[in-house]
Amino acid sequence: MDVHLKYAFGRFQEQFGSGPGLGPGSGTNLMKIDGVAPPFIKSIYRAAAALYRTDPWRRLRPGHLFGVRVGKDLDWSSKKQVFSCIQFIGGDGGDIALYMFRSEIDAMKMTGPRETIRVPNVEVLRVTYELDSVMLPSNKRFVMSLALEVSGEDRYPVIDVGRSTTTGELQFRNPTFEELRFVYAVMKGASLLHPLLQQDYGAAPKWSRVIYFEPFIETVDVQWPAEVTKGNDLVAVTISYPPGRGYQEKYSSSSSSTPTKHSEVPKEEKFIDVKSNIAVCFRQCMMCKEEVNREQSICCGHCSAVVYCSSVCQKQHWKEGHKDVCGLYRAMMEREEELAMKIFVFACSAEQPCKWLESLGIHQKGMWRRKCSCYSHCPYGLLPVPGGLWNSWGGLDENEYPHDSPFHNHFRDGISSSILLSGWLEYYNLRSLPLTSPVADILSHPLTVYYILTALSISSKNLLLKNKEVILHYIGPEGELDWMAAFAEIGHLLHGMGNIQIIMVGPEVPTNLSGTTSGIGSRVRVNLVRGLYQDEASYLPTPHVIVALNCGLGSYSSWGGALDLIKSMNIPAYFTNESELSCSNSKQVLRAAGLHISYPVTPNPFRSPVRIFGTSTNFPSYRNCFLLGVNT
């Protein structure tokens, strides 16, 4: 009896003790929704866990209402947004939840000074993060049967739609499949965008403990899970504060859901403007290759991508082939804003890498020595070892780089839980790194590998979940040979999920390092092999996955033999490229080699945030920008 009373009192205190939520979980079951399969439920729980890790309740209160849009109105069966207003509940105690309302008016009716007001016949979609200890037995069985991801240490999301009757009683129902798709996109978008809110220090009264924010409207592309994709891989999610900030919807004949545009002037980018920060910068004329000052150069009027020294060269180049690729160049330029990562507040342009590194105080230091040409005389993998992680990261402050330590907050009842990351913001929050830290530029390579193994390659992910070893062939390493300290982060992210043997094969591996093995932490082992992949692969253990980052498939003739071998092996392989143009060239090379491109070309969430401008073009490339999968 005492145990029963303790459970009942604990549940009452959790749900009703301090407000401001509607009340306990309803016991709804997502498995009973038509069209919902277990893979989609797992994706929803991963999205909910990703949102929880960003901890919006640290700053947000119920009075902070946000407008939300997912795709276009025509994407939904009712020809309008399913929900248009959200709020975060529980920042000041009580239920920890995300509430979604059909209108801002409904949200304001139900938002009281302390508790959620029960307004008759107003539906609210709730994502309530319930403690494991107070979950209904049916929900516990549901979570255990599907091995769903935990949020934080001991919470799981419960998703339902609630409404209050005229008598004040609560009624709940399962969300529909369409509502689940909507809430999935909202959770993914919110986890990326809410940390971008800037505090407005002048708007809050001195006595107020509630944070006031500057007006805000941002859009991010969210990738649908494979199991619910309906012709489009990406959907645009727009979040605005306060709700109702203006935007226009531009309908297109394209099937993409991403053409949502803001009518207001967007907030200033936090990238450094190369044009205004580099006084003298030379480019090469695309036609004659003569160096020309940026201010004196002219660009193609259609694509604004290529540079010329004079109109004579421009006309000649148009005749000799630019007219055939101008449309592709223009498409690349139109995607620049989409690909840009506005979360970082360090200088994100590296047209002159030495100056960029100097501005950060890390030029010719640690692993950053491979980011410019100052140490080009030193073979890859043979940079003098400074010793110590602090020196490896170029002497950054203690809080600006990831320490060689596990993620302690991801253990539950002594058992580790997998860490599945959706992008840089989630990783930086997880490691408590400031967005001024430039470490993403180097970590782009190991975290891209981790993303491939845990999010794209199903066979590798299953092996890791079974605590087994995954063998990965890493083709064509260069700077990575000097970044082993960064690759140690893969081991911490594995967090008890098996181990990885990375075999790096390429002509840039130094002769005296070929055949060596290094243990990086307890879960990652790296073998180095010098030579072309097609010549060495038969002597290596059979891989589970093959990876080549920034591979330049169209630039090296030696790729032909490697691709023929990969085709015969029928092993999942993933390639990254720096720009959409090189990605297009790579697709042509892969198809010419008879390889089937089965994974859609998509921006890599762990691409480098540093933009590199070509000498003869205006459009930037981003390291590890696009992911291209074959034989998957």
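Residues numbered from 1 in each chain as written. Predicted model: local features only at pLDDT ≥ 70, side-chain atom pairs only at ≥ 80, totals over all residues. Heavy atoms only, no water.

Colleague: How would you explain the overall build of the protein chain if you had to name every residue and give the values?
Modeller: Counting secondary structure elements, the protein chain contains 17 helices and 26 strands. Put simply, 69% of the contacts in the protein chain that link residues at least 6 apart link residues at least 24 apart. Surface exposure of the protein chain reaches about 27400 Å², of which carbon and sulfur atoms provide 51%. (Helix = DSSP H or I, 4+ residues; strand = E, 2+ residues; numbered from the N terminus. Contact = heavy atoms within 4.5 Å. Areas by Shrake-Rupley, 256 points an atom, 1.4 Å probe, with all protein chains shown as cover.)

Colleague: So what's going on with the packing of aromatic side chains? Which residues, and what values?
Modeller: This model, assessed by the stated rule, comprises 25 aromatic pairs. When the centroid spacing of 6.3 Å and the interplanar angle of 90 degrees are considered together, the rings of tryptophan 424 and tyrosine 428 count as edge-to-face. With tryptophan 424 and tyrosine 428 both in helix H11 (residues 424-431) and four residues apart, this pair spans about one turn of that helix. Each member of the pair, tryptophan 424 as well as tyrosine 428, is classed as buried. Taken together, the ring pairs in this structure connect Tyr52, Trp57, Phe66, Phe88, Tyr129, Phe213 and Tyr241 into an aromatic cluster. The ring of tyrosine 375 has arginine 369 lying over it, and the distance from NZ or CZ to the ring centre is 5.3 Å. (Phe/Tyr/Trp six-rings, centres within 6.5 Å; stacked < 30°, edge-to-face > 60°. Buried < 20%, exposed > 50% of the residue type's maximum accessible area, 1.4 Å probe, protein only. Lys NZ or Arg CZ within 6 Å of the ring centre and 35° of its normal.)

Colleague: Explain the nonpolar core to me, using residue names and the numbers behind them.
Modeller: Trp393, Trp424 and Ile502 are the most contacted members of the largest nonpolar core, which totals 124 residues. The residues touching tryptophan 424, leaving out its near neighbours within four places in the chain, are Met341, Ile343, Phe344, Ala440, Leu443, Ser444, Leu447, Pro605, Phe606 and Arg607. Counting residues in each nonpolar core, the second largest holds 25 residues, with Ile471, Ile546, Ala548 and Leu553 among its members. (Core = buried A, V, L, I, M, F, W, Y, C linked by side-chain atoms within 4.5 Å.)

Colleague: So what about the environment of glycine 71? Which residues, and what values?
Modeller: Among the secondary structure elements, glycine 71 is positioned in the loop between strand S1 (66-70) and strand S2 (85-89). Relative accessible area serves as the criterion here: at 1%, glycine 71 is assigned to the buried category. C-alpha separation for the pair glycine 71 and phenylalanine 182, spaced 111 residues apart in sequence, amounts to 9.5 Å.

Colleague: Could you give an account of the pattern of salt bridges, naming the residues involved and the relevant values?
Modeller: A complete count under the given rule lists 13 salt bridges for this structure. Measuring nitrogen to oxygen at the nearest pair gives 2.9 Å for the salt bridge that ties glutamate 123 to arginine 102. Taken together, the residues glutamate 123 in the loop between helix H3 (104-110) and strand S4 (124-131) and arginine 102 in the loop between strand S3 (97-101) and H3 connect sequence positions 21 residues apart. Given a relative accessible area of 22%, glutamate 123 falls into the partly exposed group. Salt-bridge contacts for arginine 525 lead to glutamate 469; the nearest nitrogen and oxygen are separated by 3.4 Å. Here arginine 525 is found in strand S20 (residues 524-530), whereas its partner glutamate 469 is found in strand S17 (residues 469-475), with 56 residues between them in sequence. In this structure arginine 525 comes out as partly exposed when scored by relative accessible area, which is 32%. Linked by salt bridges that have partners in common, Arg102, Glu123, Arg173 and Glu179 make up one network. (Salt bridge = Lys/Arg side-chain N within 4 Å of Asp/Glu carboxyl O.)

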